[in-house]
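Geometric and topological summary
Letter by letter, the chains look like this.
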Amino acid sequence: MTTFDTSRPSFRERVYALAGRSTWREPTSGGTTHLRSIPADHMIAAALSFGRRSPGDVGPDIAIDMATGIAGHYGRVCAALGRALGADRSRLVRRNRAHIGHVSMAAYSMVLGRACPPAPEGIDEDEWRDLVAGGARVLEQLAEEALSLAARRARRVA
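What this report covers is the structure whose coordinates are included nearby. (Residues numbered from 1 in each chain as written. Predicted model: local features only at pLDDT ≥ 70, side-chain atom pairs only at ≥ 80, totals over all residues. Heavy atoms only, no water.)

Digging into the packing of aromatic side chains
In the structure shown here, the tally under the stated rule is one aromatic pair. Ring geometry for Y74 against Y108: centres 5.3 Å apart, planes inclined by 80°, an arrangement best described as edge-to-face. Highlighted residues: Y74 in helix 4 (residues 74-87) and Y108 in helix 6 (residues 100-111), separated in sequence by 34 residues. The class for Y74 is partly exposed, based on a relative accessible area of 34%. On the basis of relative accessibility, which here comes to 0%, the residue Y108 falls in the buried class. (Phe/Tyr/Trp six-rings, centres within 6.5 Å; stacked < 30°, edge-to-face > 60°. Helix = DSSP H or I, 4+ residues; strand = E, 2+ residues; numbered from the N terminus. Buried < 20%, exposed > 50% of the residue type's maximum accessible area, 1.4 Å probe, protein only.)

Focus: the nonpolar core
Counting 35 residues, the largest nonpolar core has L48, I62 and L139 as the members making the most contacts within it. Residue assignment for this core shows that the elements contributing at least two residues are helix 1 (11-18), helix 2 (40-48), helix 3 (59-68), helix 4, helix 6 and helix 7 (125-157). At eight residues, helix 7 tops the list of elements feeding residues into this core. With sequence-adjacent residues up to four places away left out, L48 is seen in contact with V15, L18, P60, A63, I64, A146, L147 and A150. (Core = buried A, V, L, I, M, F, W, Y, C linked by side-chain atoms within 4.5 Å. Contact = heavy atoms within 4.5 Å.)

What about the packing of helix 4 against helix 6?
Running from amino to carboxyl end, helix 4 crosses helix 6 at an angle of 125°, the nearest separation of the two axes being 9 Å. Overall, the two elements helix 4 and helix 6 adopt an arrangement that is oblique. Crossing hand, helix 4 versus helix 6: right-handed. Of helix 6, the residues touching helix 4 (which contributes Y74, V77, C78, L81, G82, L85 and G86) are I100, V103, S104, M105, A107 and Y108. Taken together, the residues of the contact of helix 4 with helix 6 sort by class into 10 nonpolar, three polar and no charged. (Axes fitted to C-alpha atoms, helices over the stretch in contact; angles between N-to-C directions. Parallel < 35°, antiparallel > 145°, perpendicular 65-115°, else oblique. Left-handed = near helix turned anticlockwise from the far one by under 90°. Nonpolar A, V, L, I, M, F, W, Y, C, P; charged D, E, K, R; others polar.)

Considerations on the pattern of salt bridges
Throughout the structure, instances matching the rule amount to five salt bridges. Between R52 and D61 there is a salt bridge; the shortest N-O distance is 2.9 Å. Since its relative accessible area comes to 27%, R52 is described here as partly exposed. Taken together, the shared-partner salt bridges in this structure form one network comprising R52, D61 and R76. (Salt bridge = Lys/Arg side-chain N within 4 Å of Asp/Glu carboxyl O.)

Shown next as C-alpha cells:
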C-alpha cells in the first residue's frame, strides 16, 4: 500500500513546489526557513520569471494569477488573448468578432476559478460557451508551458 496519491499535482501545487513553498506530496528534508520571510507571491513571480520566452509572452503572468488567485495581470493577459483570438479566421470567431474582448475577460475569469459571466447580448449562448472555453484553454496552455519552461530552466541553474 502506498502512502502518496499517484494523481498529478494540481497546477497551483506545481507552481508552489517550483517556488519552494509546497511539500504536500513529498516529505521535507532538513533545511532552513530563512526564505519564509519572502512573501509567497514574490517567490512565485521569481520562480516563474524563468518561464518567459520573450517580452510579449504572457504565460508567466497568467500562471502567477492562476497560482495566487489574484487578477494582477488582468489587462495584459486579456489584451494578448484578445489579439490571439481576433487573429483566428474560423467562422465562429468571424461571426462574433465584436465580442472577443468580452470572451477574453470571461476566459480569464474562468481560469482564475470564477464563474463564467453571462453571454453579452447579440451572441448565441452555445457559441459564447465555445469561445470562452477555447480562450480558457489557450490561457491554461500558456500557463502550463511557462511552468514547464521555468522548471527546466531552474533545474539547469541549480
